[in-house]
Every structure is written in structure tokens, then in C-alpha cells.
Amino acid sequence: MTDSSEGRDAAGTGPADAMQAGTDAPPSAAANLFDLRTIIAVLFLVYGLVLLIMGLVSTDEADLMKTGGSNINLDMGIGMLVVAALFGGWVLLRPLTPPTAEQLAEAARDDRPAGH
Amino acid sequence: MTSILAQANADVRLDANAVDYLLVAFYFLLVLGIGYMARRSVSSSLDFLLSGRSMPAWVTGLAFISANLGALELIGMMANGAQYGIATVHYYWIGAIPAMVFLGLVMMPFYYGSKARSVPEFLAKRFNRTTQRIQGVIFAVASILIAGVNLFALGLIIEALLGWPLTVAIPVAALVVLAYTTLGGLSAAIYNEVLQFFVILALLIPLTLVGLNRVGGWNGLVEKVTAGPGGAEQLSSWPGTELTEIANPVLSVIGIVFGLGFVLSFGYWTTNFAEVQRALSAKSMSAARRTPIIGAFPKALIPLVVVIPGMIAAVLLPQIQAVKAAGGSVDGITYNDSLTLLMKDLLPNGILGVAIAGLLAAFMAGMAANISSFNTVFTYDLWQDWIKPGKSDRYYLQVGRWVTVIGCILAIGTAFIASGSQNLMDYIQALFSFFNAPLFAIFILGLFWKRMTGTAAWIGLLSGTVAAVAVDLLVRFDVLQLSNQAGSFVGASAAFIVGVGVAALVSTAGRPKAEAELTGLVWSLTPRASRTHTTEGDDAGWYRSPQLLAVLVLILVVVLYIIFI
């Protein structure tokens with residue numbers, strides 16, 4: 001899952017590089033940032049799996065004393081996997097696309113200082 | 001907190017195991033990875049210092065709130081929850097939300113529309129170069145002092161958790177922040193703030209759930225708080241007499257609404273560049289206006305997972321119960337230890353590692369926010385516009401990188417200054433009253449009064465700061481008999497009143513700028529059309545309307561207040 005979504009990012013940012021090459025001003029490369037949503041999904045995928053396993057195999061009496069009887073590792077592990085799935089799904093449904101020329105022009109118009 | 005965490009290692013030391021450290025290490029790997037990947041996307045000084053104005057609103061909105069959700073805030077507000085109970089919510093619902101909405105709806109069109117790259121640069125456009133330079137210097141000094149406070153607190157946590165001495169922990173912590181901010185600039189700082197936001201929630205949510213489980217649910221908590229030393233009064237937010245230290249309920253409500261809700265919170269949220277910078281990096285006017293309003297939603301809900309655990313700490317943990325019964329510190333433990341003690345007592349290994357990562361993340365983000373805004377102001381306002389103008393953009397990008405390094409080294413120095421302060425929250429409140437309140441005074445006057453002159457601005461700014469420092473000294477030497485908290489509020493009010501008064505007086509003596517120069521900078525001279533934004537493309541859709549989001553968040557706050565009246 002990780003690999004394929006990162007591959008998608010790389011594919012998504014390539015054309016933007018090409019499009020911005022050759023302008024006079026230093027081209028803004030920040031628009032081509034990697035997708036933060038993927039990083040969040042990866043973080044919670046790893047955290048969720050670790051907590052899920054901890055909750056299933058290593059919950060002892062002392063742990064249950066601390067939590068007042070609930071298996072918090074298991075619960076939070078499941079919760080984090082759901083969050084990971086939501087962010088992963090968002091990336092797959094709405095992948096980063098390079099801005100079109102029309103959108104760039106629009107952004108420039110919107111950016112123009114008021115009244116100048 | 002200073003003395004406490006330093007001495008009470010053994011008591012606060014968490015029983016972390018290998019899995020916990022692995023989870024913490026994985027978080028740091030991602031943080032540095034973000035810095036490394038963000039480096040690819042930095043090709044100009046604007047990319048480095050303002051993220052190339054390319055961020056989507058949900059990212060800047062969460063970063064906006066994360067830059068404020070440092071660990072000092074977490075620890076301090078949980079301590080207030082333990083001490084005062086529900087009344088602590090005022091810091092969020094009246095002390096933040098209205099100002100954030102005001103920033104998005106009223107002020108952002110001027111900030112973002114003027115194309116200013118920083119708050120001092122906006123002052124240069126509205127007033128003059130002198131005001132820009134004075135504010136630039138003041139802001140640079142303030143950022144480094146506050147970054148030092150965060151760094152010192154981070155060092156304390158590392159010392160308490162891992163047992164490293166402060167002299168090792170502080171430089172190591174500075175090095176991690178330095179690594180990702182020098183590599184990726186503001187983009188790395190902002191992306192890490194968003195990541196941090198989620199990790200902090202992964203610390204607070206299980207703490208609240210387990211805590212409620214332990215005290216027998218909400219009803220159990222109500223029962224125990226009512227029977228405790230604070231009594232049933234701590235279950236309602238109004239009139240909050242205990243919080244304000246004003247016995248008369250009517251005056252207490254007025255104090256909360258005007259003191260906390262107006263002078264302190266508007267001063268902080270609308271002019272603090274560490275916050276405003278997040279909105280300036282948004283990709284369009286609409287996204288910039290939505291930034292603080294999107295941030296207001298989590299800000300309104302966070303007290304549920306901060307104040308409630310604080311109240312739980314006060315009824316569940318014997319140490320904090322003892323503090324509450326005694327009305328002060330017991331055996332070196334204070335209310336400030338609520339968070340770490342809760343983590344120790346409630347969280348088993350596994351989720352404990354996530355919680356430690358969240359706590360460390362919170363301190364790093366607080367420092368990174370100050371360093372990245374210091375960077376921008378120093379490079380653009382002091383170096384490019386004053387000391388070395390007219391160089392290539394590549395040159396300023398290099399300056400920006402070097403200033404980050406210098407900023408981190410200076411912060412290590414100010415961290416040791418902060419270590420001399422008895423109470424970090426009081427220290428930080430005093431800094432805010434010196435630096436934010438006078439700036440807000442001249443800012444708001446300049447925005448709505450076209451006759452205000454440039455000379456008036458910098459004289460007003462300086463006299464406001466002098467007023468706040470004077471009040472601080474009077475309180476410190478007991479000429480004014482006030483608690484530190486009340487002292488910084490009086491200081492902020494004095495700074496605001498003196499700032500506005502002096503600026504108004506000086507303005508009447510000088511000649512205002514020509515009206516044509518003030519279009520887009522003064523409310524009455526800016527046509528309504530240029531205060532609005534496009535609603536096409538990425539900004540289309542009713543759910544992206546700043547006004548609608550503002551109304552929704554205000555309704556949310558009213559509903560929350562009705563629930564917790």
C-alpha cells in the first residue's frame with residue numbers, strides 16, 4: 001500500500017516540474033510537495049498495527065489495572081487503522097494533480113494585491 | 001514546573017519499554033524524512049520562508065492550531081483543568097475562537113491581499129520603514145526568547161523520560177529541530193505541525209477515555225469533583241470567579257469577556273507572526289481566510305480532551321489530590337505534573353510510546369514555529385529590506401538557511417535563561433504582554449483610522465511596550481499587589497491603552513499618508529470587491545465559504561457553552 005501511493009505522488013508531481021521549467025523568476029517548487037496525506041496514513045498504519053499486536057498478545061493484568069479494564073492498545077490500534085484507511089482512501093480518490101494553466105492564471109488573479 | 005520536573009525524575013520517570021522507544025523512533029524518522037523530502041521542493045527564498053504560498057487550507061488550518069498547541073500549552077491547560085475545573089474552557093472558547101474568526105474574516109484580506117511576506121512588512125506598507133524595523137527587531141528578540149522556553153521545556157521532558165542531563169538534552173533537541181527546518185524550511189515545519197496535531201490527539205484521546213473509565217464515566221467524575229475540595233463550582237464555566245480571582249460574579253464575567261476575550265486573545269491571535277505566517281503560506285486568498293477558521297474547529301473541541309483529563313487527574317491521582325488539598329506544591333509535585341503523571345498511571349506500554357512521541361512532538365513544533373517565523377522576519381525585514389538590500393534571491397535563500405542555524409544556537413542560550421525562571425507560564429505571559437498587546441494597539445488603529453501616521457505607529461509601539469514593562473516591574477517589586485496572572489493582564493491592558501492613546505495624539509500632529517497609498521491597507525479606503533476572493537476552481541463550493549465556516553464554529557462554541565454552562 002505504501003509503495004503504490006508514493007509511486008502515485010511521484011507520478012503526479014513530474015508534469016508540474018516540466019511545466020514550470022523555463023520561466024524567468026525562480027520557479028516555485030513548493031507546489032510540487034509530496035502528499036502529506038500519505039505520510040499521515042503511513043504513520044497511523046504502522047502505529048495501528050503495532051498497537052493492535054500489543055493489544056492482542058501482551059495485555060496483562062497490570063495493564064488492565066491501569067486502564068480500568070479496557071484494552072486500550074487494541075481499541076486505539078483499531079481506531080488508528082481506520083484513520084490510516086481514511087487518509088489512504090482520500091489519497092486514492094483525489095490524487096494530487098498538477099495545476100492546469102487555467103488554475104494558475106486564476107491563482108495569480110486572486111493573488112493580485114487589492115487595489116494596486 | 002522548572003524545579004519540579006528537574007528534581008522529581010524518579011517519580012515522573014515513565015516505564016517505557018522497547019516497543020515504546022521504537023514507536024518514538026519511528027515518529028522521529030518520519031519528521032526527519034519530511035525535512036529531507038521537503039528539501040526537493042525548495043528552489044527560492046519564498047519557497048523556503050513562505051512555502052511558495054502553495055499550501056491547501058486544511059494543511060495551513062491544522063498547522064495554525066498546532067503552532068499554538070505546543071506542550072507548554074498542553075501541560076499548562078491540563079494543570080488549569082486540575083486546579084480550576086471546567087472554567088478553563090474560557091481560554092479556548094472565548095479566549096481564542098472569536099479572535100481566530102476575526103482574523104479570518106476581517107484582517108486576512110488585508111494581510112494576504114497586501115502581499116506582505118511578514119507582519120513587519122505589512123507595517124512598512126501601512127506606516128513606514130522605521131515601524132517595520134522596530135517591530136522586526138522586537139519580534140526577532142521575542143521569537144528567540146520564546147523558542148528558548150520551548151527548548152528548555154523539551155529538555156526537561158527528555159531529562160525526565162530518558163534520564164539525560166539537561167546540558168545534553170537541550171542541544172540534542174535543538175539539533176533535531178534544526179535538521180528539519182534547515183532542510184525543508186517552512187514547508188517542513190508546517191507539514192510536521194500537521195503530523196504533530198494527529199499524534200497529540202493520539203496522546204489525548206486514550207488518556208481521556210481511560211481516565212473516564214477509571215473514575216466511573218462522566219457521572220463518576222461529576223460525583224468525585226463535587227465531593228472534592230473545589231466543589232460543584234468547578235463543574236460550571238460561568239462566572240469563573242476562581243479563575244479570574246475576582247470575587248464579584250458580574251465583574252468576573254466582564255473580566256473574562258473583555259480581558260481574556262478581547263485584549264489578550266485578539267493581541268495574540270491576530271498579530272503573532274508565528275500564527276499569521278501559516279495563513280500567509282496558503283495557496284489563495286480564500287484558503288488564507290479559511291486557515292484560522294478551519295483551525296478554530298479543533299481549537300473548540302480540544303478542551304474536551306485537555307480540561308477533562310486535568311479534572312480526572314485532580315480526583316484520581318493521589319499526588320495531585322494532595323496538591324489540591326494543600327492548595328500548592330507538595331513534595332515538589334505541582335499541577336504542572338498532571339499530564340506526565342496521568343501518562344504514567346493510565347497508559348500501558350504501546351500506547352505509552354505514542355503518547356511520548358506526541359509530547360516530544362508538541363515541544364518541537366512550538367520551537368519550530370518560533371524559529372521559522374524568526375527566520376522570515378530576519379531574512380526579509382532586517383536583512384533584505386535594511387542591512388543588505390538588492391542581492392539575488394539565491395543569496396537570501398542562503399541567508400535564510402544560515403539564520404535558522406544561528407536562531408537555533410541562540411535559542412540554546414535563551415533556554416538557559418528560561419531555566420532561571422520560577423514559573424514558565426508566567427514568564428511567557430509576561431513576554432506576550434510586552435510584545436503582542438502594543439502591536440495589536442497600533443495595528444487595529446491603523447486598520448480603521450486612515451489619519452494615523454507612520455511616526456505615531458512606532459512611537460505608539462514603543463510606549464506601549466514601555467508601559468507593559470513598567471507594570472511588570474511594579475508587580476515584581478510588589479508596588480502593585482497582584483498575582484502574576486492578573487499582573488500580565490493589567491500589563492497587556494496598559495500596553496493597549498497607552499499604545500492607542502499615544503499613537504492617536506502623535507497622529508494629530510503629523511500629516512497622514514495620501515489616501516491613494518492606503519488602498520488595501522485601511523478598511524474605509526478598500527473597496528468591498530477587493531476584500532472578497534474568487535469562488536472558482538479549488539475555492540468553489542459552499543463548504544469552502546469562510547463566512548459559513550465562521551458561523552458554524554461560533555454556533556459550535558455556543559452549543560458547547562450551553563452544555564458546560
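Residues numbered from 1 in each chain as written. Chains lettered and ligands numbered in written order. Predicted model: local features only at pLDDT ≥ 70, side-chain atom pairs only at ≥ 80, totals over all residues. Heavy atoms only, no water.

(A) Seen up close, the overall build of chain B. Across its full length, chain B carries 25 helices and zero strands. Radius of gyration (C-alpha) of chain B: 23 Å, near the 24 Å computed for a compact globule of 565 residues. The principal-axis extent of the C-alpha atoms belonging to chain B is close to 65 × 55 × 50 Å. Going through the 565 residues of chain B one by one, you find that 64% of them count as buried. As displayed, chain B has an accessible area near 19,000 Å², and 67% of this comes from carbon and sulfur atoms. On chain B, the mean spot of the 31 positive side-chain charges and the mean spot of the 27 negative ones are 14 Å from each other. (Helix = DSSP H or I, 4+ residues; strand = E, 2+ residues; numbered from the N terminus. Rg over C-alpha atoms; globule rule 2.2 N^0.38 Å. Buried < 20%, exposed > 50% of the residue type's maximum accessible area, 1.4 Å probe, protein only. Areas by Shrake-Rupley, 256 points an atom, 1.4 Å probe, with all protein chains shown as cover. Lys, Arg positive; Asp, Glu negative; His and termini not counted. Charge placed at Lys NZ, Arg CZ, Asp CG, Glu CD.)

(B) View of the nonpolar core. Residue and element names in this part refer to chain B. Membership of the largest hydrophobic core comes to 202 residues, with the highest contact counts inside it found for Tyr 27, Tyr 111 and Met 343. Of the residues forming this core, the biggest block, 26 residues, is contributed by helix 11 (residues 166–215). By size, the runner-up hydrophobic cluster in this structure holds six residues, among which are Ala 140, Leu 382, Val 399 and Val 403. (Core = buried A, V, L, I, M, F, W, Y, C linked by side-chain atoms within 4.5 Å.)

(C) Structural detail: the UniProt feature "transmembrane region" (unreviewed entry) in chain A. Under the local residue numbering, the UniProt record ascribes the feature "transmembrane region" (unreviewed entry) to residues 38–56 and 76–93 of chain A. A helix fraction of 100% and a strand fraction of 0% characterise residues 38–56 of chain A, whose end C-alpha atoms lie 27 Å from each other. (UniProt positions renumbered as here; feature names shortened; annotations may be inferred.)

(D) Quick look at the confidence of the model for chain B. All names here are of chain B. The predicted model of chain B averages 84 in pLDDT, with 94% of residues at 70 or higher. Scored below 50 in pLDDT, residues 1–10 makes 25 contacts in the model with residues more than four places away or belonging to other chains. Overall fold confidence for the complex sits at a pTM of 0.83, while the interface term, ipTM, reaches 0.84. (pLDDT = per-residue confidence, 0-100. Contact = heavy atoms within 4.5 Å.)

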